[in-house]
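Structural description and commentary
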Amino acid sequence: MCIRDSPRKNCGTTCSACTAGTYQNASESSACLDCGKGQISDDKSATECEACPKGYFANKDGLSSCAACGKGTFSDAQATTKCQSCTKGLFQDGTGKTDCKTCVPGKYTAKDKQNECTSCAKGYFAVNGSSTACEMCLTGWFAAAPGATECVACDAGFFQLNNASSACTACSPGQIAEDDVASACTACEVGYYQDDDGETMCIKCDEGDIANVTGMSSCTPCAAGWFSEERGGSVCTICAAGHFTSEAGHSECSECDAGEYQAAEGASACEPCAVGWFADDYAFENCTLCGAGHYQDKAGQTLCLSCDYGQVTTKEGQSECSVCSKGTFAGDQGESECVKLSLIHI
């Protein structure tokens with residue numbers, strides 16, 4: 001007869017051993033029983049089945065071995081018939097595991113049943129573990145490499161207009177960013193300029209130069225005949241009559257020298273007084289005519305000359321004196337007319 005300690009199939013006078021994956025715990029049995037799902041028997045003549053350990057499973061009846069949970073799955077209980085998938089934010093890169101691993105900061109899993117985490121792309125970050133998605137860096141911030149755990153602020157002098165950026169851009173010449181985290185650069189005001197990129201402040205134009213529009217990368221010299229006397233100027237001032245600047249970029253106008261004049265505004269040079277004229281001081285707008293009895297035969301002079309004895313000029317602005325005709329005379333210098341001679345009675 002078949003006994004409990006040696007289960008066998010009843011075949012007349014002999015008993016047969018139960019095969020792996022089956023068992024029989026009763027004597028005098030005519031058949032062996034399949035191990036149920038989640039259990040196995042890996043030996044012949046088993047009287048009971050063993051539960052699959054944690055990390056393993058058996059999804060059919062009558063199995064002789066448990067299968068390891070695959071990558072991306074786990075089993076945290078015995079006698080499991082199906083492994084569980086690691087949920088979003090978790091992963092498992094091994095087999096036969098009882099739990100899932102947490103994605104480190106800077107990585108994520110967006111789907112269930114993952115065997116590895118994905119690094120956040122450039123311009124994105126994940127500050128916590130177990131992330132299911134990465135956050136994008138906002139304007140004024142960036143992440144230069146994959147797997148960032150935080151975004152980096154754009155330095156002063158740089159900006160980033162867009163979200164999800166991997167780098168900041170230097171402000172162009174004529175523009176600045178005074179503070180960190182700039183989403184745009186600011187144009188230099190009138191009177192100021194910036195000739196380099198990536199700068200935090202604008203520079204005042206020097207005297208004689210101006211910037212008359214915003215966003216200038218250089219200042220413009222005032223033209224000859226114009227000036228700007230203060231730093232940070234935005235408008236040039238025209239030189240007044242009697243004054244001039246001979247070259248561009250002056251902070252003040254020069255006075256015309258004595259013997260010269262300039263009647264127009266905005267002049268780049270003064271003119272010499274013509275013959276018969278003079279200018280006895282600086283900054284003359286017009287020269288003065290030599291008076292009657294006087295003359296000037298050279299240009300650019302500061303005074304007129306008196307006609308000598310016996311000579312006169314009867315009009316203003318003369319370049320030479322006339323000799324008195326016969327029967328007339330000029331008895332002093334600087335005379336404007338000749339006088340007739342008269343007989344002297346004794």
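The structure we're discussing is the one just above.
Quick notes on the rules
Residues numbered from 1 in each chain as written. Predicted model: local features only at pLDDT ≥ 70, side-chain atom pairs only at ≥ 80, totals over all residues. Heavy atoms only, no water. Helix = DSSP H or I, 4+ residues; strand = E, 2+ residues; numbered from the N terminus. Rg over C-alpha atoms; globule rule 2.2 N^0.38 Å. Buried < 20%, exposed > 50% of the residue type's maximum accessible area, 1.4 Å probe, protein only. Contact = heavy atoms within 4.5 Å. Areas by Shrake-Rupley, 256 points an atom, 1.4 Å probe, with all protein chains shown as cover. Patch = residues over 30% accessible without salt bridge, like charges linked within 9 Å, V, L, I, M, F, W, Y side chains within 5 Å. Salt bridge = Lys/Arg side-chain N within 4 Å of Asp/Glu carboxyl O. Lys, Arg positive; Asp, Glu negative; His and termini not counted. Charge placed at Lys NZ, Arg CZ, Asp CG, Glu CD. Disulfide = S-S within 2.5 Å. Polar contact = N/O pair within 3.5 Å; in protein donor to acceptor, adjacent residues only side chain to side chain.

On a plain count of helices and strands, the protein comes out with zero helices and 40 strands. The C-alpha radius of gyration computed for the protein amounts to 55 Å, which surpasses the reference 20 Å derived for 346 residues by more than 25%, pointing to a less compact arrangement than a globule. The C-alpha extent of the protein, read off along each of the three principal axes, is 205 × 20 × 15 Å. The buried share among the 346 residues of the protein stands at 32%. Excluding contacts between residues fewer than 6 apart, the proportion of contacts in the protein whose partners are at least 24 apart in sequence is 37%. With the model as given, the accessible surface of the protein reaches about 19,800 Å², and the carbon-plus-sulfur share is 46%.

With that settled, consider a negative patch on the surface. Taken together, the side chains of Asp 42, Asp 43, Glu 48 and Glu 50 make up a negatively charged region of the molecular surface. With respect to the secondary-structure elements, Glu 48 resides in the loop between strand S5 (39-40) and strand S6 (50-51). Among the residues examined, Glu 48 registers a relative accessible area of 59% and is labelled exposed.

Under the defined criterion, the tally for this structure stands at two salt bridges. The partner of Asp 93 in a salt bridge is Lys 101, and the shortest N-O contact between them spans 2.9 Å. Since its relative accessible area comes to 37%, Asp 93 is described here as partly exposed. Linking Arg 231 and Asp 206 is a salt bridge whose minimum nitrogen-to-oxygen distance equals 3.8 Å. Of this pair, Arg 231 sits in the loop between strand S27 (226-227) and strand S28 (237-238) while Asp 206 sits in the loop between strand S24 (203-204) and strand S25 (209-210), and the two are 25 residues apart along the sequence.

To continue, consider the state of the cysteines. In this structure the tally under the stated criterion is 19 disulfides. Linked covalently through their sulfurs, Cys 222 and Cys 236 form a disulfide whose S-S length is 2.0 Å. Around the S-S axis, the bridge from Cys 222 to Cys 236 shows a dihedral of about -90 degrees and counts as left-handed. A residue pair is termed long-range when its members are at least 10 positions apart, and Cys 222 in the loop between strand S26 (220-221) and S27 and Cys 236 in the loop between S27 and S28 qualify at 14 residues. Each member of the pair, Cys 222 as well as Cys 236, carries the same accessibility label: buried. Two residues, Cys 324 and Cys 338, share a disulfide whose sulfurs are 1.9 Å apart. Handedness here is read from the sign of the S-S torsion; for Cys 324 and Cys 338, about -85 degrees, the answer is left-handed.

Another point: the side chain of Gln 92. Looking at the element boundaries, Gln 92 is found in the loop between strand S11 (90-91) and strand S12 (101-102). Here Gln 92 falls in the buried class, since its relative accessible area comes to 1%. Reaching out from Gln 92, the side chain makes a polar contact with the backbone nitrogen of Gly 94 at a distance of 2.9 Å. Apart from the residues within four sequence positions on either side, Gln 92 is in contact with Lys 71, Gly 72, Thr 73, Cys 86, Lys 97, Asp 99, Cys 100, Lys 101, Gln 114 and Asn 115.

Moving on to unusual backbone geometry. Positive phi values are uncommon outside glycine, yet Ala 79 reaches one of about 55 degrees. On the secondary structure map, Ala 79 appears in the loop between strand S9 (73-74) and strand S10 (84-85). Of note, Val 181 is a non-glycine position whose phi angle comes to about 60 degrees, a positive value. One can find Val 181 in the loop between strand S21 (175-176) and strand S22 (186-187).

Turning to a nonpolar patch on the surface, a few remarks are in order. Taken together, the side chains of Tyr 124, Met 136, Leu 138, Trp 141 and Val 181 present a nonpolar region at the surface, about 420 Å² in accessible area. Residue Trp 141 is classed as partly exposed on the basis of its relative accessible area of 32%.

Tracing the sequence through the fold places Gly 123 in the loop between strand S14 (118-119) and strand S15 (124-125). Through-space distance from the C-alpha of Gly 123 to that of Ala 182 is 16 Å; in sequence the pair is 59 residues apart.

This brings us to the environment of Gly 21. Summarising the element assignment, Gly 21 is placed in the loop between strand S2 (14-17) and strand S3 (22-23). With a relative accessible area of 0%, Gly 21 lands in the buried category. For Gly 21 and Leu 33, which are 12 residues apart along the polypeptide, the C-alpha to C-alpha distance reads 8.6 Å.

A few words on the environment of Ala 267. Counting through the fold element by element, Ala 267 comes out in the loop between strand S31 (260-261) and strand S32 (271-272). Overall, Ala 267 belongs to the buried group, its relative accessible area being 8%. When the C-alpha positions of Ala 267 and Phe 244 are compared, they lie 5.0 Å apart, and in sequence the two are 23 residues distant.

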